Amino acid sequence: MGKVTGFLEYERLEEGYAPVAQRLKHYKEFVIGLAAEQAKIQGARCMDCGTPFCNNGCPVNNVIPDFNDLVYRGDWKNAITVLHSTNNFPEFTGRICPAPCEAACTLNVNDDPVGIKSIEHAIIDRAWAEGWVHAQPAAVKTGKKVAVIGSGPAGLAAAQQLARAGHAVTVFEKNDRAGGLLRYGIPDFKMEKSHIDRRIAQMEAEGVVFRTGVMVGELPKDSKVTNWAKSSVTPDELKAEFDAVLLCGGAEQSRDLPVPGRELEGVHFAMEFLPQQNKLNAGDKLKGQLRADGKHVIVIGGGDTGSDCVGTSNRHGAASVTQFELMPMPPEQEDKPLTWPYWPYKLRTSSSHEEGCQREFAIATKEFIGEKGKLTGLKTVRVEWKGGKMSEVPGSEQVLKADLALLAMGFVSPVATVVQAFGVELDARGNAKAGVDATNGYKTNVEKVFAAGDMRRGQSLVVWAIREGRQAARAVDEYLMGSSTLPR
């Protein structure tokens, strides 16, 4: 473990942020990571519990006490080896994971948890700086070909694992650059895309082939899902060419709000708004970009996607930004004896909120109001929750000014037409139906077709996508070779 009495001697140290006025002028990352000595002190706080709940709180089961101890002892090179043993892309999770491991930290029972995420961030950034991250091409090729559909975190993790097992892997991505929702769903100020680019370069050196701008199947007519494909391929062509096909597309079907006025100009999905800014940041040109400049913006949805819309709107120079949440305002401090080691229900304030945002809880939108076809406001009503049921508060209706409304209420499922084009059965939630048991792990009802990530489990975290990609890779490897040495 770290220092035996470290958890008694040292306090939790948070990563820092650049000043608001400074960071609002650009779209680059602004988190100030821990210095080596600071990370060492955080590692010293780890208690090396008899039962380390952080391991199970982490979806990829990172060996957290071990790399905490290694950082405390200054053995950074072995720390990245331990971290990479369970997580292909710690630079992604070290930046954008909500850190369920910290909620499960034993120290969190009656104190502040170990800063596990900040330590992970420090390890991988140092590993890249020191040149410890390099390609690991397979020594022996199997002669088997695998198609991975989707280049988000699930697809990337699966492709890397399969390539290292010796298979010839081709990743298909409908947009112009690889990365999926990592690339076009997460703002650059939370994660710069250079982190994706160098992983793509590493994977290409390991033999992975990326075919971008290629749509597998087709989207429904008038779909709002981001699609910059210039060519297409059919599922039958893929099944004929490859020995296995792994579906790893994202849950890109946004939840809509079918109230009067939905058709007005100025009402858009968050995933119409966010990808455009990322594309511009990459140096591309767009016609008719959605902008928040000088507008009164209302973001409907209180989660991470809504928070990303807040941060992007503020960088555009919005006149005002308001975020709606249907649920009541959570308590500022969770009931630890009741919730630990599970993810707690409590108020979370993001860096984007701190940059300027009016947050409204227990509020619902009844109608979008407009003039001459353009949005001018929202008719809202306050709601209350009793016994798990919602009811409107009489006399609480009001109209709020809005020039731009962004729907950020989560995602309901992957695009059904893509999944169904393969003949894959859907579950009750519209996801690809695939098991996770030892016999039929990640396998669909269609021969040699597998599914993982959001496409199988629905909207989830990046860290869950990485886990699913790794496990699905093992399942595909077992299917092709009869057994697998890939980690679970």
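Residues numbered from 1 in each chain as written. Predicted model: local features only at pLDDT ≥ 70, side-chain atom pairs only at ≥ 80, totals over all residues. Heavy atoms only, no water.

## What to know about the packing of aromatic side chains
At step 1: Tallied over the entire structure, the rule returns seven aromatic pairs.
At step 2: Here the aromatic rings of Tyr-184 and Trp-228 are separated by 4.9 Å at their centres, their planes lie at 70°, and the arrangement is edge-to-face. Of this pair, Tyr-184 sits in helix H11 (residues 181–184) while Trp-228 is found in the loop between strand E6 (214–216) and strand E7 (231–233), placing the two residues 44 residues apart along the sequence.
At step 3: Members of the aromatic cluster, each reached through a chain of ring pairs, are Tyr-17, Phe-30 and Phe-189.
At step 4: Between the NZ or CZ atom of Lys-40 and the centre of the ring of Tyr-72, over which it lies, the distance is 5.8 Å.
At step 5: If you follow Lys-279 out to its NZ or CZ, it ends over the ring of Trp-228, 4.4 Å from the centre. (Phe/Tyr/Trp six-rings, centres within 6.5 Å; stacked < 30°, edge-to-face > 60°. Helix = DSSP H or I, 4+ residues; strand = E, 2+ residues; numbered from the N terminus. Lys NZ or Arg CZ within 6 Å of the ring centre and 35° of its normal.)

## Looking at the packing of helix H14 (residues 270–281) against helix H15 (residues 304–316)
Between two packed helices, what matters for the description is the angle formed by their axes and the separation of those axes.
At step 1: Where H14 meets H15, the closest approach of the two axes is 10 Å, and the angle between their N-to-C directions is 50°. Here H14 lies oblique to H15, going by the angle between them. When the axes of H14 and H15 are compared, the crossing they make is left-handed. Residues Ala-270, Phe-273, Leu-274 and Gln-277 of H14 lie in contact with H15, whose contacting residues are Thr-305, Asp-308, Cys-309, Thr-312, Ser-313 and His-316.
At step 2: Among the residues making up the contact of H14 with H15, the classes are represented as four nonpolar, five polar and one charged. (Axes fitted to C-alpha atoms, helices over the stretch in contact; angles between N-to-C directions. Parallel < 35°, antiparallel > 145°, perpendicular 65-115°, else oblique. Left-handed = near helix turned anticlockwise from the far one by under 90°. Contact = heavy atoms within 4.5 Å. Nonpolar A, V, L, I, M, F, W, Y, C, P; charged D, E, K, R; others polar.)

## Looking at helix H5 (residues 64–72)
At step 1: Most of H5 sits out of view: seven of its nine residues are buried.
At step 2: Every buried residue of H5 is listed here: Ile-64, Pro-65, Phe-67, Asn-68, Asp-69, Leu-70 and Val-71.
At step 3: Against the buried residues of H5 lie helix H3 (36–44), helix H4 (53–57), helix H6 (76–84), helix H8 (100–104) and helix H9 (116–130).
At step 4: Phi turns positive, to about 80°, at Gly-74, one or two residues after H5. (Buried < 20%, exposed > 50% of the residue type's maximum accessible area, 1.4 Å probe, protein only.)

## Digging into the nonpolar core
Within soluble globular proteins, side chains that are nonpolar tend to cluster in buried spots.
At step 1: Core analysis: the largest hydrophobic core is formed by 67 residues, its most contacted members being Phe-67 and Ile-123.
At step 2: With nine residues, the single largest contributor to this core is helix H20 (residues 462–481).
At step 3: Phe-67 has contacts with Asn-62, Ala-79, Val-82, Leu-83, Ile-116, Ile-119 and Ile-123, leaving out every residue within four places of it along the chain. (Core = buried A, V, L, I, M, F, W, Y, C linked by side-chain atoms within 4.5 Å.)

## Focus on the sheet that holds strand E10 (residues 267–269)
Backbone hydrogen bonds hold the strands of a sheet together, and the pairing may be parallel or antiparallel.
At step 1: Spatially, five strands are ordered E10-E18-E11-E12-E13 in an open sheet, and the strand pairing comes out parallel. Lying at the two open borders of the sheet, with one neighbouring strand each, are E10 and strand E13 (358–361). Across the sheet, the mean angle from the axis of one strand to that of its neighbour is 20°, orientation sign disregarded.
At step 2: In terms of strand pairing, strand E11 (residues 296–300) meets strand E12 (residues 320–325) through five bridges, oriented parallel. Residue pairing across strands places Val-299 opposite Gln-323, the latter belonging to E12.
At step 3: In this fold H14 packs onto E10 and strand E18 (404–407), with an angle of close to 70° to the strand it touches most, E10.
At step 4: Across the sheet, H15 is in contact with E11, E12 and E18; its angle to E12 comes to roughly 175°. (Pairing = 2+ DSSP bridges.)

## Details of the sheet that holds strand E3 (residues 145–149)
At step 1: Strand order in the open sheet formed by five strands is E5-E4-E3-E8-E20, and the pairing between neighbours is parallel. Edge strands, defined here as strands with exactly one partner in the open sheet, are strand E5 (209–212) and strand E20 (449–451). On average, adjacent strands in this sheet sit at an angle of 20° to one another, irrespective of strand direction.
At step 2: Pairing of strand E4 (residues 168–173) with E5 involves four bridges; the strand directions are parallel. When the bridges of E5 are listed, Val-171 appears paired with Phe-210.

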